[in-house]
Amino acid sequence: MATRAKTRERPSYRCTECGYTTAKWLGRCPECQTWGTVEEQGGGPAVRTTAAGPVSSAAVPIGQVDSRTATARSTGVTELDRVLGGGLVPGAVVLLAGEPGVGKSTLLLDVAAKAAGSDHRTLYVTAEESASQVRLRADRIHAINDHLYLAAETDLAAVLGHLDAVKPSLLVLDSVQTVASPELDGAPGGMAQVREVAGALIRASKERGMATLLVGHVTKDGAIAGPRLLEHLVDVVLSFEGDRHARLRLVRGVKNRYGATDEVGCFELHDEGITGLADPSGLFLTRRDEPVPGTCLTVTLEGKRPLVAEVQALTVDSQIPSPRRTTSGLETSRVSMMLAVLEQRGRISALGKRDIYTATVGGVKLTEPAADLAVALALASAASDVPLPKNLVAIGEVGLAGEVRRVTGVQRRLAEAHRLGFTHALVPTDPGKVPAGMKVIEVADMGDALRALPRRSRARAPQDE
C-alpha cells in the first residue's frame, strides 16, 4: 500500500516589496531589508515530505564525464578572453556590471559582432534602447555582422520566444534589471523580477548550451543592484571599471567558475569604440625629455598583470590656516600616512604647512600598498624641488615606523620595468632574482630611501652611471 505524504495547512507571510515568503511573521524582510512589508497571505502552502523520484541521468564516475562540452570558445576580444579564462564556455552565464557610461553596451556589442559566425549566431537583446539606437552604435564601432541578430524587448516571454526563433549560440541581454516577467507582480528591477528573469535565462542557457552575457546595473556604492542571489546563480561575475573622463577601462574577474579571478583586461575607450590594450603602461606615463620634481614611477599589479604607473605630487605655500590635501587616483588615507612618515621618520617638516596635491597619470587607481614608496619619494622630491632620475622605479610598502616592507611579485614587477627600459629600482631588501642589466638598490627604511635620492649637485648621478 502506497504511503501518502501527510499535509497540513499553515499560515504564510509574504513581503509586498520583493515577494519573499516565510512561514512566520517578521517585522523586517530578510531579503530586501524593508521594514513592515511582511503580510499574512491566509492559507499557506502545505508542508510536504519529498519522496525519492526518478533521476534525469545516472551518476557515473567523474573520470568518465565528457569535458569537451565545457571547452571555451574565443569571444574575438583578446583582453576579455584573458579575464574569462580563455573564452566563453557553452551554457555559461556571465554578469558584467559597471557604472552608467563606462562602456558596457559598447564592449558587449563589439563582442557580439566578433563572436557571430555562420555556425554561431548571436542574439543581442536591448531592453534600454531602441533597435535603431543600437544600430547607430554598431555603425560607429563597425559591429555589423549578418549573423548578429538584434531585438528590442522588455518582456521575458518575448525574449524566450526570440531564443526559439533564432537559436543563438550567444545571447547578450542589456540589461537584466530592465526585463520583467508578466507572471509576477512588481516593476522591472525589483527583487522578485530580477530573480525570475535571471533564473529563466540561466535555465535556457544550460538546456541549449548557449552562452549568455548579462549587463547588470550597480548602486551608488558600486555594488551590483538587485538580490545577492543573482551573483550566486551566474557562473562568472565581471566588474567593468573606469573613470568616464579617462580612456582607460578595466575588466576584473570577481567570480569565475571556469578560471582564475586574478586576471584583469585593459581597454581603451575612444570615438570609434573600445579596443583591448595588450601593453597599457604607455597610458600611465608622461613622456618628457628632462625629469621634473615631484614625479616617481612605480609598478603596480592588476591581478597578475604588472603595470608601470606614474605618481605626481605638487606642494605650494598655503594661503589658508588649514592646508589643502587633494588626491586623484590615490587613497587619501595612505597619502596622509606617507606625509606623517616623511615628517616624523624622514625629518621633512616643510610639508605640514603647505598645500599638497597628489595624482596618478592616465586615470589609473593605485590602491595597493606597494605604491607607498613611490608616493613618499614623489612627495619628498616635490618638497625639495629635486627631480628623481627618469629611469628609476620605486616599489615597496612603507610602515608607520618608516620601514620598507616586502610586497608580492617583486621579480615580476622588475621584469616589466626592465622591459620598458628602466635601469634603476628602489626595492625592499631581498628582492630575489634581478633582471640582467638592471641596478637594484635595496632600502630597509625611509632613511635609506631618502639617502639614495640625488642631491641638487648630483641630480643626474644615477642615470649617468
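Residues numbered from 1 in each chain as written. Predicted model: local features only at pLDDT ≥ 70, side-chain atom pairs only at ≥ 80, totals over all residues. Heavy atoms only, no water.

This part covers the overall build of the protein chain. What the protein chain contains, in helices and strands, is eleven helices and 21 strands. Its C-alpha atoms give the protein chain principal-axis dimensions of roughly 100 × 55 × 50 Å. Looking at the protein chain as a whole, 46% of its 465 residues are labelled buried. Counting only contacts in the protein chain whose residues sit at least 6 apart along the sequence, the fraction spanning at least 24 positions is 67%. On the protein chain, roughly 23,500 Å² of surface is accessible, and the fraction owed to carbon and sulfur atoms is 50%. Looking at charge distribution, the protein chain has the averaged site of its 55 positive side-chain charges lying 4 Å from that of its 54 negative ones. (Helix = DSSP H or I, 4+ residues; strand = E, 2+ residues; numbered from the N terminus. Buried < 20%, exposed > 50% of the residue type's maximum accessible area, 1.4 Å probe, protein only. Contact = heavy atoms within 4.5 Å. Areas by Shrake-Rupley, 256 points an atom, 1.4 Å probe, with all protein chains shown as cover. Lys, Arg positive; Asp, Glu negative; His and termini not counted. Charge placed at Lys NZ, Arg CZ, Asp CG, Glu CD.)

Here we take up the layout of surface pockets. Estimated volume of the largest pocket: approximately 710 Å³. Along the walls of the largest pocket sit 32 residues, with S239, F240, E241, G242 and R252 positioned nearest its centre. Of all elements in the fold, only β4 (93-98), β9 (236-241), β10 (248-256) and β13 (295-302) reach the threshold of two or more residues within the lining of the largest pocket. Per element, the largest residue contribution to the lining of the largest pocket is five residues, and it comes from β9. Quantified by volume, the second largest pocket comes out at close to 420 Å³. In terms of lining, the second largest pocket is formed by 21 residues, of which the most central are T286, R287, L297, K390 and F422. Element by element, the count of residues in the lining of the second largest pocket is highest for β13, at three residues. When grouped by side-chain class, the residues that make up the lining of the second largest pocket number ten nonpolar, six polar and five charged. (1 Å grid on protein atoms, 1.4 Å probe; cavity = no way out; pocket = protein on both sides within 12 Å on 5 of 7 lines; lining within 4 Å. Points joined across faces, edges and corners; volume = space filled by probe spheres on them. Nonpolar A, V, L, I, M, F, W, Y, C, P; charged D, E, K, R; others polar.)

This next bit is on the pairing of strand β14 (residues 305-317). By the bridge criterion, eight bridges tie β13 to β14 in an arrangement that is antiparallel. Among the inter-strand pairings, T300 is bridged to a residue of β14, identified as L307. Between the antiparallel neighbours β13 and β14 lie two residues, among them G303 with a positive phi of about 70 degrees. (Pairing = 2+ DSSP bridges.)

This part is about the packing of helix α4 (residues 156-166) against helix α5 (residues 191-208). The geometry of α4 relative to α5 is characterised by a closest axis approach of 11 Å and an angle of 10 degrees between their N-to-C directions. In this view, α4 runs roughly parallel relative to α5, as classed from their interaxial angle. Across the interface between the two elements, L156, V159, L160, L163 and D164 of α4 pack against E196, V197, A200, L201, A204 and R208 of α5. Residue composition of the contact of α4 with α5, grouped by class: eight nonpolar, no polar and three charged. (Axes fitted to C-alpha atoms, helices over the stretch in contact; angles between N-to-C directions. Parallel < 35°, antiparallel > 145°, perpendicular 65-115°, else oblique.)

Mapped onto the secondary structure, L233 falls in helix α6 (residues 229-233). Remark: the alpha-carbon pair of L233 and V93, spanning 140 residues in sequence, is separated by 8.6 Å. Excluding anything up to four places from it in sequence, L233 contacts I202, K255 and R257.

The next subject is the pairing of β4. With six of its six residues buried, β4 lies for the most part within the structure. What you see with β4 is no split at all: V93, L95 and A97 on one side and V94, L96 and G98 on the other are buried throughout. Where β4 lies against strand β8 (residues 211-216), five bridges are found, and the strand directions are parallel. When the bridges of β8 are listed, L95 appears paired with L214. As judged from the five bridges shared by β4 and β9, these two strands associate in the parallel manner. Across the sheet, G98 pairs through a bridge with F240, a residue of β9.

With that out of the way, let us pick up empty space enclosed by the protein. All chains considered together, the criterion is met by four cavities of 30 Å³ or more. Of the pockets and cavities examined, the largest cavity occupies roughly 80 Å³. Looking at the largest cavity, the residues that line it are L330, E331, R334, V335, L366, T367, E368, A371, D372 and V375. Sorting the residues of the lining of the largest cavity by element identifies α7 (332-344) and α8 (372-384) as the ones contributing at least two each. In terms of residue class, the lining of the largest cavity is made up of five nonpolar, one polar and four charged. Of the pockets and cavities examined, the second largest cavity occupies roughly 40 Å³. Every residue lining the second largest cavity is listed: R325, T326, T327, T332, V335, S336, L339, I356 and T358. Broken down by secondary-structure element, the contributors of at least two residues to the lining of the second largest cavity are β15 (325-328), α7 and β16 (354-360). For the lining of the second largest cavity, the element with the most residues is α7, which contributes four residues. Looking at the lining of the second largest cavity residue by residue, the class counts come to three nonpolar, five polar and one charged.

Let's shift gears to the packing of aromatic side chains. The geometry of an aromatic ring pair is captured by the separation of the ring centres together with the interplanar angle, meaning the angle of the planes. Enumeration according to the criterion identifies one aromatic pair in this entry. When the ring of F240 is compared with that of F267, the centres are 6.5 Å apart and the planes differ by 80 degrees; the resulting orientation is edge-to-face. Of this pair, F240 sits in strand β9 while F267 sits in strand β11 (residues 264-270), and the two are 27 residues apart along the sequence. Classification of F240 by relative accessible area gives buried; the value is 3%. (Phe/Tyr/Trp six-rings, centres within 6.5 Å; stacked < 30°, edge-to-face > 60°.)

Quick look at α8 now. Helix length check: α8 (13 residues) gives 18 Å between terminal C-alpha atoms against 18 Å at 1.5 Å per residue, within 8%. Extensive coverage of α8 is indicated by the burial of eleven of its 13 residues. Looking at the residues trailing α8, positive phi occurs at D385, about 60 degrees. (Expected span 1.5 Å × (residues − 1).)

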